[in-house]
Amino acid sequence: MPSTIRLTGILILLPLFPLLSHVQAQETQSDSVVAEGATLKLIGDGYKFTEGPAADDAGNVYFTDQPNDRIVRWDAKTGELSDWLSPCGRSNGLFFVAPQSLIACADENNELWRIDLKTKEHELLVGQFENRRFSGPNDCWVDQDGAIYFTDPLYKRPYWKHSIADDHPRGVYRLSTDGSITQVASDLVQPNGIIGDAEKRHLYVADIGDKKMYRYVIDPDGKLTERELFCASGSDGVTLDVDRNLYLTGREGVMVFDKTGKRIDTIAVPKGWTANVTFAGPKFDQLFITAGDSVFTIPMATTGLR
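Just so you know, these numbers come straight off a predicted model, no measurement behind them.

Rules and cut-offs
- Residues numbered from 1 in each chain as written.
- Predicted model: local features only at pLDDT ≥ 70, side-chain atom pairs only at ≥ 80, totals over all residues.
- Heavy atoms only, no water.
- Salt bridge = Lys/Arg side-chain N within 4 Å of Asp/Glu carboxyl O.
- Helix = DSSP H or I, 4+ residues; strand = E, 2+ residues; numbered from the N terminus.
- Buried < 20%, exposed > 50% of the residue type's maximum accessible area, 1.4 Å probe, protein only.
- Pairing = 2+ DSSP bridges.
- Axes fitted to C-alpha atoms, helices over the stretch in contact; angles between N-to-C directions.
- Polar contact = N/O pair within 3.5 Å; in protein donor to acceptor, adjacent residues only side chain to side chain.
- Contact = heavy atoms within 4.5 Å.
- UniProt positions renumbered as here; feature names shortened; annotations may be inferred.

Participant: I tried to follow the pattern of salt bridges on my own but got confused; where do I start?
Facilitator: Opposite charge on two side chains lets them pair, provided their charged atoms get close. Under the criterion given, the structure shown has 16 salt bridges. Between aspartate 83 and arginine 70 there is a salt bridge, and its shortest N-O distance comes to 3.1 Å. Here arginine 70 lies in strand 7 (residues 70–74) and aspartate 83 lies in strand 8 (residues 81–85), a separation of 13 residues in the sequence. Assessed through its relative accessible area of 17%, arginine 70 is described here as buried. For aspartate 197, the salt bridge is made with arginine 244, and the minimal N-O distance between the two is 2.7 Å. With a gap of 47 residues between them, aspartate 197 in strand 19 (residues 191–197) and arginine 244 in the loop between strand 23 (238–240) and strand 24 (246–250) connect regions that are remote in the sequence. The exposure class assigned to arginine 244 is buried, which follows from its relative accessible area of 14%.

Given below as structure tokens:
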């Protein structure tokens with residue numbers, strides 16, 4: 001393990017990272033969402049681009065290495081990393097559904113899958129809307145009734161064997177348990193990260209193309225209403241803790257906003273891009289971070305919203 005030293009406001013981790021800091025944003029150390037004295041831990045590297053972390057009920061994490069077409073599993077008890085499924089349809093965003101299903105945004109053919117954790121077999125849930133191929137499902141969240149909300153931006157992939165026009169529609173969709181699909185948001189530039197709060201009936205959608213995060217109310221029929229600007233920051237991935245703090249990703253690492261949309265903390269990550277986050281571990285008190293060719297964890301003073 002690398003040695004650590006702490007300076008005022010800066011954590012330096014040697015020798016792996018010449019400058020690895022946990023930086024507060026307008027808050028004191030005692031108000032940080034990170035556990036006191038905690039340091040960022042590199043738990044895996046050598047990937048091409050990591051994305052889509054999702055934790056099962058035991059806190060184990062499944063994440064994607066999309067360019068290498070594989071899903072990797074992190075064991076929460078042993079810390080071991082192992083290739084879990086390859087090929088995997090170039091999966092991007094993932095979401096665990098108890099007891100043994102993994103929803104996957106399978107980008108190879110612009111589809112949404114359900115993967116059985118035991119058999120590793122997948123079921124095609126949906127691949128088009130109104131007889132039109134999706135732009136490329138990117139991230140997803142599953143509501144308490146089983147309905148799946150997913151974002152559909154357009155990132156043209158070099159491995160596609162098909163072509164999609166630059167003006168192909170983007171949007172947010174809802175797939176109900178009866179198989180019916182509706183577009184629930186169509187006025188976003190490039191919708192990307194998505195997370196929901198089933199209890200409060202809120203859905204958060206990051207418009208990374210417009211550098212904005214929106215919060216919607218989920219109506220009883222599943223429609224999205226009362227859109228409001230949550231904060232002026234886009235995001236690749238996003239998650240929530242039990243205090244309804246929202247975690248956004250991007251060039252600054254992991255940015256944390258309280259439930260009013262005020263930025264309260266920043267977790268610096270020594271990579272040019274932080275793609276996605278989730279809470280993990282047996283107590284769901286570790287933040288699991290995917291960043292470029294690497295994955296990290298850091299102990300938290302809070303736990304993830306389940």
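Participant: I tried to follow the sheet that holds strand 9 (residues 91–97) on my own but got confused; where do I start?
Facilitator: Strand pairing within a sheet occurs via backbone hydrogen bonds; the two strands may be parallel or antiparallel. Pairing within the open sheet is antiparallel, and its 4 strands lie in the order 9-10-11-12. Edge positions in the sheet fall to strand 9 and strand 12 (122–126), since each of these pairs with one other strand and no more. Direction aside, the axes of adjacent strands within the sheet are offset by 25 degrees on average. Strand direction decides the pairing type here: strand 11 (residues 111–116) and strand 12, joined by 4 bridges, are antiparallel. Its bridge partner lying in strand 12, leucine 112 is registered against valine 126.

Participant: I tried to follow the pairing of strand 20 (residues 202–207) on my own but got confused; where do I start?
Facilitator: The side chains of a regular strand alternate, residue by residue, between the two faces of the sheet. Within strand 20, 6 of the 6 residues are buried, which leaves it mostly tucked inside the rest of the structure. Burial along strand 20 is two-sided: the face carrying His202, Tyr204 and Ala206 and the face carrying Leu203, Val205 and Asp207 are both buried. Taken together, the 5 bridges between strand 19 and strand 20 define a ladder with antiparallel strand orientation. Bridging across to strand 20, isoleucine 194 finds its partner in valine 205. Where strand 19 hands over to strand 20, the hairpin turn is made up of 4 residues, of which arginine 201 adopts a positive phi near 60 degrees. Examined bridge by bridge, strand 20 and strand 21 (residues 212–218) share 6 bridges and lie antiparallel to one another.

Participant: Is there a simple way to explain the side chain of arginine 70 in this structure?
Facilitator: In terms of polar contacts, arginine 70 uses its side chain to reach the side chain of aspartate 65, at 2.9 Å. If we skip the residues at most four places from it in the chain, arginine 70 touches Gly46, Tyr47, Phe63, Thr64, Asp65, Asp83, Leu85, Ser86 and Cys88.

Participant: Would you mind showing me how to read the sheet that holds strand 22 (residues 224–231) here?
Facilitator: The strand order across the open sheet formed by 4 strands is 19-20-21-22, and the pairing between neighbours is antiparallel. Strands at the two margins of the open sheet, each flanked by one partner only, are strand 19 and strand 22. For this sheet the average axis-to-axis angle between neighbouring strands, irrespective of direction, equals 25 degrees.

Participant: Got a minute to help me understand the environment of aspartate 265 in this structure?
Facilitator: Relative to the elements of secondary structure, aspartate 265 occurs in strand 26 (residues 263–267). According to the relative accessible area criterion, aspartate 265 is buried, its value standing at 0%. In the structure, aspartate 265 is positioned 11 residues away from valine 254 in sequence and 8.4 Å away in space, judged by C-alpha atoms. Reaching out from aspartate 265, the side chain makes a polar contact with the side chain of serine 32 at a distance of 2.9 Å. From its side chain, aspartate 265 meets the backbone nitrogen of valine 33 in a polar contact 3.1 Å long.

Participant: Got a minute to help me understand the UniProt feature "domain: SMP-30/Gluconolactonase/LRE-like region" (unreviewed entry) in the chain in this structure?
Facilitator: In the numbering adopted here, UniProt assigns the feature "domain: SMP-30/Gluconolactonase/LRE-like region" (unreviewed entry) to residues 49–291. As annotated, residues 49–291 comprises 0% helix and 51% strand, and the C-alpha atoms at either end are separated by 7 Å.

Participant: Where do I start with the environment of lysine 211 in this structure?
Facilitator: With respect to the helices and strands, the residue lysine 211 is situated in the loop between strand 20 and strand 21. Judged by its relative accessible area of 62%, lysine 211 is exposed. Put simply, lysine 211 and leucine 94 are 117 residues apart on the chain and 23 Å apart in space, counted from C-alpha to C-alpha. With near-sequence residues (within four places) excluded, lysine 211 lies in contact with Ala232, Ser233 and Gly234.

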